[in-house]
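Structural description and commentary
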Amino acid sequence: MTNHIQQPAKRKTTVANILLIASLGILLCGESYFGYRLHNLSAEQEQIKEDYSVVNSITFGIFSVDQWREKISDVVGKQVNGFSMTTKQKSALQAQVTNQLNGLINKTVAQINKPQKSLGGKLKKLAFNSFVDEDELHALVPIFSKTIITKINSPASKKRLKRIANSKMDQLEDQTYDRTEIAKNAMTRQMFAKYKVSNASDFNKSIKSHLSAINVLTYNYAYAMLGCVLAALVLWLILRKKTRLQTTLFMMSILFAIVLLASGITTTIIEVDARITTLNFKLLDENIEFTNQVLFFQSKSILGIIETLMKQPKPDSILVGTLLMLFVIILPVLRLLGKGMHVWGSDRFAENKVVRYLAFESGKWDMADVMVVGVAMTYIGLNGILKSQLSNLNMDTGPLKTVTENNSSLQPGYLIFAAYVIFAMILSYILKRIAKPHEKEPQVLDEENVPT
């Protein structure tokens, strides 16, 4: 009679488990897809921002002698090509020429009228005093100076003077360089071809538009992942009293946690971005401006941070990277596997000392939660330092104006990794509620599963 009652109950439980696996499988596939898209978009965003930071780096801008040379040459060139004297300037220049000519006459007369010892000198002095009237020379000076000023302002003279000035500027340009222009031209050609633009302005517009779209998508995919996990938790809440479904629920939940962990450690978690938005000042009444000057940019995932540390030549960096790999990635995965083996495995595996240690006691070594706090504290600290330092560069003194910008931020990967930590804590709590060892006596049927 007992077997006859148990057969329909078993079939009912099997059907319920199949339906549960199917529904959770759909959510798991959704979470995996959203995580995959989030990872790809995060990597694409990181690459685009790196390209942007290279093109707009201060190495090729404010710190480039070639850039300063070009900007200053443009200013001087405009001044030379736009050269034209006003009436006041003409009068002032004519007065200076008049003074110079009068002084030259005075010096010449004084030189000739010096006592001469030689016969030739005495003859020259006699001839000069006989045929040259000093007062007449001084009287002609204003006419000479006016003629000179008129000649200087003639179109042909202006053109000749501009050509001389420009040639001197060209010589100065040839002597002033730091060889960044060659590297910048090669790099910009490559970047412009990559993004299918023809100039820096179009490049920056294209990048900003692309990044804006990606930013919206990454957060949408992150929220969609969390929605899938939340739906799984809601199922737990609804079916928490269905003991025959708990193993299926828990095993599927572990898969949800693994997807969260994988996405959280491979997706960008933090960005540090400091830049000078504008540096503007006046030179010879002309405006010189540098824009979008990236001072520093770094974008890292947890796996990227570990990889960077382990590639350093310093032993202490390698040690820190190894410890992070062990306690933030490897141990959490082993803990999830231990939990799964304890719940799903046979009594022999479930009660294995290693399995029970991983499932219940290894939490004190798991540093995933510490990583969440550490990244948050690092962001807060770096953000504060950057804001303080960049604020010291902000100036508005009239002729000189600088505007800085701090775009450092926590990225969706941080949100996903924090969600994994919370979800793992919930799984640990659930595990304690449904923990084995299996009872030796026959399992009692749920009242609601016993047919009346």
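One can find the structure itself at the top, above this paragraph.
So, a few notes on the structure that sits alongside this text.

Cut-offs and rules
Residues numbered from 1 in each chain as written. Predicted model: local features only at pLDDT ≥ 70, side-chain atom pairs only at ≥ 80, totals over all residues. Heavy atoms only, no water. Buried < 20%, exposed > 50% of the residue type's maximum accessible area, 1.4 Å probe, protein only. Helix = DSSP H or I, 4+ residues; strand = E, 2+ residues; numbered from the N terminus. Pairing = 2+ DSSP bridges. Polar contact = N/O pair within 3.5 Å; in protein donor to acceptor, adjacent residues only side chain to side chain. Contact = heavy atoms within 4.5 Å. Core = buried A, V, L, I, M, F, W, Y, C linked by side-chain atoms within 4.5 Å. Patch = residues over 30% accessible without salt bridge, like charges linked within 9 Å, V, L, I, M, F, W, Y side chains within 5 Å. Areas by Shrake-Rupley, 256 points an atom, 1.4 Å probe, with all protein chains shown as cover. Salt bridge = Lys/Arg side-chain N within 4 Å of Asp/Glu carboxyl O. Arc of directions from axis to C-beta.

**Digging into the pairing of strand β1 (residues 268-283)**
Of all 16 residues that make up β1, 13 are buried, and the element is covered over most of its length. By the bridge criterion, 14 bridges tie β1 to strand β2 (residues 286-301) in an arrangement that is antiparallel. Across the sheet, I276 pairs through a bridge with Q293, a residue of β2. The turn joining β1 and β2, which pair antiparallel and follow one another in sequence, is formed by two residues; a positive phi near 55° is taken by L284.

**A word on unusual backbone geometry**
Phi is positive for K196, which is not a glycine, with a value near 55°. Looking at the secondary structure, you find K196 in the loop between α7 (180-195) and α8 (200-238).

**Re the side chain of D366**
Following the sequence through the fold, D366 ends up in the loop between α13 (353-361) and α14 (368-393). A distance of 3.0 Å separates the side chain of D366 from the backbone nitrogen of A368, its partner in a polar contact. With sequence-adjacent residues up to four places away left out, D366 is seen in contact with F327, L331, P332, R335 and Y420.

**Description of the nonpolar core**
Membership of the largest hydrophobic core comes to 66 residues, with the highest contact counts inside it found for F203, F250, I302, F417 and Y420. Take this core: its biggest share by element is twelve residues, from helix α15 (residues 412-434). Not counting residues up to four positions away in its chain, the partners in contact with F417 are L261, G264, I265, I302, V328, A368, M371 and V372.

**Some details on a nonpolar patch on the surface**
On the surface, L326, I330, V333, L334 and L337 cluster together into a nonpolar patch covering about 370 Å² of accessible area. For L334, the position within the fold is in helix α11 (residues 315-344).

**Quick notes on α13**
For α13, the set of buried residues is V355, L358 and A359. With its buried residues spanning 90° around the axis, α13 presents them on a single face. You can read the cap of α13 off the contacts: a side-chain oxygen lies 2.9 Å from the backbone nitrogen of V354, and it is on N352.

**Some points on helix α10 (residues 302-310)**
Taken residue by residue, α10 has I302, G304 and I306 as its buried positions. Those residues of α10 that are buried lie in contact with α9 (246-266), β1, β2, α11, α14 and α15.

**Focus on the environment of K196**
The exposure class assigned to K196 is exposed, which follows from its relative accessible area of 77%. The spatial distance from the C-alpha of K196 to the C-alpha of S206 is 9.2 Å, given a sequence separation of ten residues.

**Regarding the pattern of salt bridges**
Taken as a whole and judged by the stated rule, the model has five salt bridges. For K194, the salt bridge identified is with D51, shortest N-O distance 2.8 Å. In this pair, K194 sits in helix α7 while D51 sits in helix α1 (residues 2-55), placing the two residues 143 residues apart along the sequence. Looking at K194, the relative accessible area reads 46%, which means it is partly exposed. The partner of D366 in a salt bridge is R335, with the nearest N and O atoms 2.9 Å apart. One end of the pair, D366, is in the loop between α13 and α14; the other, R335, is in helix α11, and 31 residues separate them in sequence. Exposure class is identical for D366 and R335. Each is buried.

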